[in-house]
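# Descriptive structure summary
Below are the chains, spelled out letter by letter.
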Amino acid sequence: MARWCYRHRLVVLVLWVGALFGLGAAGTSAGTDYSNVFSLPDTDSKQAYDLMTKAFPRSSGDTDTVVWRSSGDAGSVTDTAVRSRIEPALKEIAGMRGVGEVVGPYDAKNAAQISRDGRTAFAQITFTDQANGVPKDLVQKVVDTAQGAERDGLRVELGGQAITRIQEPPTGVSEVVGIAAAAVVLFLAFGSLFAMLLPIVVAIMGVGSGMMATMLLSHVTNVPEVAPLLGSLIGLGVGIDYALFIVTRHRRGIQRGLEPEESAVRALNTSGRAVLFAGGTVCIALAGMLVMNLRFLDGVVIATSLTVVLSVLAAITLLPALLGLLGRRVLSRKQLRKLAAEGPDPAEASGPAARWSAYVQKRPRSIAAMALVVMAVLALPVLSLRLGATDQGNNQESTTTRQAYDLLAEGFGPGFNGPLQVVVPGGADTTELVRTIRATDGVAQAAAAPPAGGITVIQVVPKTSPQSVGTDRLIDRLRDDVIPEAGVEAHVGGVTAVFKDFASVTGDRLPYFVGAIIGLGFLLLLIAFRSLVVPLTAALMNLIAAAASFGVLVAVFQWGWGTEFLGIGKEGPITAFLPVIMLSLLFGLSMDYQVFLVSRMHEEWVHTGDNARAVRVGLAETSRVINCAALIMICVFSAFVLSGDMEGAMAGIGLAAAVALDAFILRTALVPAAMHLLGRSNWWLPGWLEGRLPHLAVEPAEPPAESPAGPYKNTPHKNTEHVQTAEHIKTAEPEKSGTGGATVVHGFLRTADGDPLAGASVTLVSRGGRQLDRVTSIADGSYIVSVPAPGAYILAVTARGLASRAHHVTVGSGPLVYDVELTDEGAGLVN
């Protein structure tokens, strides 16, 4: 496929551009229909919500608030001087097209909308559409009209979901800033303008298509408002990174003497396979959110997974087409001149990455200890993690929604912004219940509305704010003590109660979710690297990274450290659904880095059987690209602080911290140090399990370059000797034959003493990981496996009590003689 895309580059490019503009036109014409469904089945707040919906059908439009407060010599809000300015403004707003109703405080029945001190009042504006459907110019006109009534001593502010829309920065600001920062990193890494543009173009195409598709899907399923933001966040990060891995491999191939087309094909066949595996793990991790059985997360899974899939598709189809357009221009002019003057680069890694890798090998204990101390310190704040919900009280102080929130809290009490509803069905007498609730500790006021449809709603205003621990305790007190003692059936609902239940359910189900994604990661890595220790290490590292990143999140957003510097508003609890989303993304991204790092180590281990060398070479050759990829993700994620959305800022900061800690401390320090300390046990796998696991080639090695003297020639079959180099196990030269098509690999298995090895398992696997044939050696140690066609394959040999090994073999048009000797130290190739 890579070769086809490379050669038909214009066709691929036209198809991608057409798909992007087609989806864009459809999405723009259809608009969006995002909806937040926070209610949970089998919860008290959900039962209250269902009862209220039946008794009091809600208006279809969004309800926002105009708040005004008089001070100084302005007098009370009921004074003529104040009313003469406010009432005309409210009347003008009520006459605007798109405004359904305005309920002011100056009617006798609405006297409760004036505070006890007479200094604060509010009016409720109900639009004809939900917040997302209200035109921004109408919202701006309402704000300008209301605030036009201000004068000295009279302050007017507005709050509500529709009002929030005009405070948001222009759409795409965070994405543009993130892309610009990523472009700088890519240019410094590549030194080439064209190479810098490749990952960015691929990511934009993938994310753009994903966002347009998400807009369309919002009409057929519940997609929350935060889903497209999270989709673009993760899509940009993985899209740029996946293209970076492939472009880096392609550039390295050209620098080592390959033609551009062959280099692109090999890059897609190696790093492209790893990208497919990594993208699959991210999607599987995101789908793990479905384990939580929270309807709100279903739309998040759809939006983020779809964007990741399209980003991967762009990386493996659009990218080779773009590589075909550029040819050798993917290298900088300096690199092209060097290639022409000095010839291909050597295969051996060098530079700071190689020196760091050697340093880790020399001092693994001290580096592991320092890394663990840093991660432990950063993880300490997670002990005070509290899940909840953000509201307009967390907005920046300069926003009108935050100021309206504060004015209502000042005039009517901190609990006014998050009242509770105690819903009593069946027409029961609520007089005693209301009296008991009023006397309950933590209640500021309680009043029952007239019954409707046999259902009575008691409005309860807490003394504490919606995000306060005291409000949570009041909800528990009402449910556990007050209502049962009253002897009536009643349910506690309201937005504050819904979010509390959401946080409780999330906390209860979170361990099952963590167990599911950790177990899945263990299984995938077990199959990929045929080791028990590598996936166990990865699982432990994922838990450490999650704890440390949540520690940073708590310190910034819950404790308020650095909130003024970052400009993200007031501290508060961590949004209840964020841990699930962050853990999914963190798991997927950690798996990406683990696969790219350990696959190179595993390849070297298979070649040499030397753990120290495998870890050193793997770290030296991958740490630079991993750190570059991480730096790009940090830039993209951190830019979402500018999104104007608190959940987006939390996700951005949390994921940026997670990626930084994972890449710079875990993958380049703690993981290699631990693998040096564990030694050969890193690659231990019981023999009985080896034979039962499927083979999966995550990133097959590139064929070793021929030496100047030409390819290695094997001697006749009967003269056996060990052939193993520090770099590669040489591929055996196939016997010449006049036959073509299907053929075989055959030979003898022997022990170190030269004895025939009977009962050993010999498996022939394609470079893509598919098992082609499997046989057991007979009494004289001989075996024969079928080969479907000439090409490169992997020959795996397993015997009880001896180390298992895999060999890269190249089969020509005729039978290949391939003898293997197994020892306690591993398998040695015998020509």
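Residues numbered from 1 in each chain as written. Predicted model: local features only at pLDDT ≥ 70, side-chain atom pairs only at ≥ 80, totals over all residues. Heavy atoms only, no water.

## Side note on the overall build of the protein chain
Cut-off, in case you're wondering: Comment: elements are numbered from the N terminus, with helices defined as DSSP H or I runs of at least four residues and strands as E runs of at least two. Throughout, exposure labels follow a simple rule: accessible area from a 1.4 Å probe, protein chains only, divided by the maximum for the residue type, with under 20% read as buried, over 50% as exposed, and the rest as partly exposed. Whether two residues touch is decided by their heavy atoms; if any such pair falls within 4.5 Å, the residues are in contact. Areas reported as accessible are Shrake-Rupley estimates using a 1.4 Å probe. Residue values count occlusion only from the protein chains shown.
If you tally the helices and strands in the protein chain, you get 24 helices and 19 strands. Within the span of the protein chain, comprising 831 residues, buried residues form 56% of the whole. If you take every contact in the protein chain between residues at least 6 apart in sequence, the share linking residues at least 24 apart comes to 77%. Carbon and sulfur atoms make up 58% of the accessible area of the protein chain, which amounts to about 34500 Å² in all.

## With respect to the sheet that holds strand β2 (residues 99-103)
Adjacent strands of a sheet form backbone hydrogen bonds with each other and so pair up, either parallel or antiparallel. Quick reminder of the rule: At least two bridges found by DSSP between two strands are what make those strands a pair. Lines fitted to the C-alpha atoms define the axes, with helices restricted to the stretch that makes contact. Angles between their N-to-C directions range from 0 to 180 degrees.
Reading across the sheet, the 4 strands line up as β2-β3-β1-β4 and stay open at both edges, with antiparallel pairing between neighbours. In this open sheet, the two strands that pair with only one neighbour each are β2 and β4 (154-159). Neighbouring strand axes in the sheet, compared pairwise and without regard to direction, differ in orientation by 20° on average. Sheet strands touched by helix α4 (residues 80-94): β1 (63-70), β2, β3 (120-127) and β4. Its angle to β2, the strand with the most contacts, is close to 155°. Its contacts with the sheet place helix α15 (residues 400-412) against β1, β3 and β4, and it is angled at close to 110° to β4.

## What about a positive patch on the surface?
Operational definition: Patch members must show over 30% relative accessible area and no salt bridge, and they are joined within 9 Å when carrying like charges or within 5 Å when they are nonpolar side chains of Val, Leu, Ile, Met, Phe, Trp or Tyr. Salt bridge, as used here: a side-chain nitrogen of Lys or Arg that lies within 4 Å of a carboxyl oxygen of Asp or Glu. In this count, Lys and Arg are taken as positive residues and Asp and Glu as negative ones, while His and the chain termini are left out. Lysine's charge is taken at NZ, arginine's at CZ, aspartate's at CG and glutamate's at CD.
Where like charges cluster on the molecular surface, the positive patch consists of R333, K334, R337 and K338. If you trace the backbone, R337 turns up in helix α12 (residues 333-342).

## So, the packing of aromatic side chains
For any pair of aromatic rings, the description rests on two quantities: the centre-to-centre distance and the angle between the ring planes. The criterion, for reference: Between the rings of Phe, Tyr and Trp (Trp by its six-membered ring), a pair exists once the centres lie within 6.5 Å; its type follows the angle of the planes, with under 30 degrees stacked, over 60 edge-to-face, and the other angles tilted. Remark: a charge is flagged as sitting over a ring if the NZ atom of Lys or the CZ atom of Arg is within 6 Å of the ring centre and within 35 degrees of the ring normal.
One pass over the structure, following the stated rule, counts 7 aromatic pairs. For the ring pair F412 and F416, a centre distance of 4.7 Å and an interplane angle of 25° mean the geometry is stacked. Judged by relative accessible area, which is 13%, F412 ranks as buried. Grouped by ring-pair contacts, the aromatic residues F122, F412 and F416 constitute a single cluster. The ring of Y6 carries R9 above its face, with NZ or CZ at 5.5 Å from the centroid.

## Observations regarding the nonpolar core
Heads up, the condition is: In these notes, a set of buried Ala, Val, Leu, Ile, Met, Phe, Trp, Tyr and Cys residues joined through side-chain atoms within 4.5 Å is what counts as a nonpolar core.
Formed by 161 residues in total, the largest nonpolar core has its most connected members in Y242, M289, L297, F557, Y593, I632 and F637. Among the elements that make up this core, the one with the highest residue count is helix α23 (residues 646-678) (19 residues). Non-local contacts of F557, meaning those with residues more than four positions away in its chain, are made with I568, E571, G572, I574, M646, A649, M650 and I653. Of all hydrophobic cores here, the second largest spans 28 residues; its members include V66, I114, V143 and A146.

## Remarks on the packing of helix α13 (residues 352-362) against α23
For clarity, the threshold we go by: In what follows, roughly perpendicular refers to angles from 65 to 115 degrees, roughly parallel to angles under 35, roughly antiparallel to angles over 145, and oblique to any angle outside these ranges. Take the far helix as your reference; a near helix turned counterclockwise from it by less than a right angle gives a left-handed crossing, and one turned clockwise gives a right-handed crossing. Under the convention adopted here, Pro, Cys and the residues Ala, Val, Leu, Ile, Met, Phe, Trp and Tyr are nonpolar, Asp, Glu, Lys and Arg are charged, and Gly plus all remaining residues are polar.
Where α13 contacts α23, the two axes come as close as 9 Å, and the packing angle between them is 45°. Judged by the angle between their axes, α13 and α23 are oblique. Where α13 crosses over α23, the handedness of that crossing is right-handed. Where α13 approaches α23, its residues W356, V360 and Q361 are matched on the opposing element by T668, A669, P672, A673 and H676. Taken together, the residues of the contact of α13 with α23 break down into 5 nonpolar, 3 polar and no charged.

## Comments concerning the confidence of the model for the protein chain
Cut-off, in case you're wondering: Values of pLDDT, ranging from 0 to 100, describe the predictor's confidence in every residue of the model.
Of the residues in the protein chain, 90% reach a pLDDT of 70 or more, and the chain-wide mean stands at 81. Least confident of the elements in the protein chain is strand β19 (residues 826-830), whose mean pLDDT is 42; most confident is helix α14 (residues 364-379), at 94. Across residues 701-740 the pLDDT falls below 50, and counting only partners more than four positions away or on other chains, this stretch makes 77 contacts in the model. Confidence drops under pLDDT 50 across residues 826-831; counting only partners more than four residues distant or on other chains, this segment forms 34 contacts.

## Things to note about the environment of E397
Take E397: it is sitting in the loop between β5 (387-388) and α15. With relative accessibility at 61%, the residue E397 sits in the exposed group. Spatially, the C-alpha atom of E397 lies 9.6 Å from that of I568, the residues being 171 residues apart in sequence. Beyond its immediate stretch of four places on either side in the chain, E397 contacts R402 and Q403.

## Describing the pairing of β3
The buried fraction of β3 is high, at 7 of 8 residues. One ladder, built from 7 bridges, connects β1 with β3; its direction is antiparallel. By the bridge assignment, V66 is partnered in β3 with A123.

## Observations regarding helix α17 (residues 469-486)
Just so we agree on the cut-off: Here a helix's expected span is defined as the number of its residues, less one, multiplied by 1.5 Å. Each residue is assigned a bend, namely the angle between axes fitted to the seven residues that terminate at it and the seven residues that start at it. We define a polar contact as two N or O atoms separated by no more than 3.5 Å, with the added condition that, inside protein, one atom must be a possible hydrogen donor and the other a possible acceptor, whereas residues neighbouring each other in sequence contribute only through side-chain atom pairs.
Taking 1.5 Å per residue as the helical rise, α17 with its 18 residues ought to reach 26 Å, and the 25 Å between its terminal C-alpha atoms agrees with that figure. Where α17 bends most, the angle comes to about 40°, and this point is L478. Burial in α17 covers these residues: T471, D472, L474, I475, L478, R479, V482 and I483. Two or three places before G470, at the opening of α17, S468 has a side-chain oxygen 3.0 Å from that residue's backbone nitrogen. With its phi angle positive at about 75°, G487 sits one or two positions after the end of α17.

## Focus on the packing of helix α8 (residues 193-217) against helix α11 (residues 295-326)
Their axes nearest at 8 Å, the elements α8 and α11 cross at an angle of 145°. Seen from above, α8 lies across α11 with right-handed handedness. When the residues that make up the contact of α8 with α11 are grouped by side-chain class, the tally is 20 nonpolar, 6 polar and no charged.

## Considering the environment of V625
Relative to the helices and strands, V625 resides in helix α22 (residues 611-638). On the accessibility criterion, V625 (16% relative accessible area) is buried. It is 8.0 Å that separates the C-alpha atoms of V625 and L244, two residues lying 381 residues apart in sequence.

## Describing the side chain of S357
Within the secondary structure layout, S357 lies in helix α13. Of note is the side chain of S357, whose polar atom sits 2.6 Å from the backbone oxygen of R616.

## A short note on the sheet that holds strand β16 (residues 805-811)
The strand order β13-β12-β15-β16 describes an open sheet built from 4 strands, whose pairing is antiparallel. Each edge of the sheet is formed by a strand with only one pairing partner; in this case those strands are β13 (771-776) and β16. Put simply, the sheet's adjacent strands are angled 20° from each other on average, direction ignored. With 5 bridges joining them, strand β12 (residues 761-766) and β13 adopt antiparallel strand pairing.

## As for the environment of A368
For A368, the position within the fold is in helix α14. Classification of A368 as buried rests on a relative accessible area of 9%. In this structure the C-alpha to C-alpha distance between A368 and L666, which are 298 residues apart in sequence, comes to 9.1 Å. In this structure, A368 is in contact with L670 and A673, ignoring residues within four places of it in sequence.

## Considering the pairing of strand β8 (residues 456-462)
Counted residue by residue, β8 has 6 buried out of 7 residues, so it is predominantly covered. As judged from the 5 bridges shared by strand β6 (residues 420-424) and β8, these two strands associate in the antiparallel manner. If you follow L420 over to β8, its bridge partner there is V460.

## As for a nonpolar patch on the surface
On the surface, V184, F187, L188, L193, F194, L197 and V201 cluster together into a nonpolar patch covering about 630 Å² of accessible area. Elements with a minimum of two residues in the nonpolar patch: α7 (173-190) and α8. The leading source of residues in the nonpolar patch is α8, at 4 residues. Its place among the elements puts V201 in helix α8. Judged by its relative accessible area of 34%, V201 is partly exposed.

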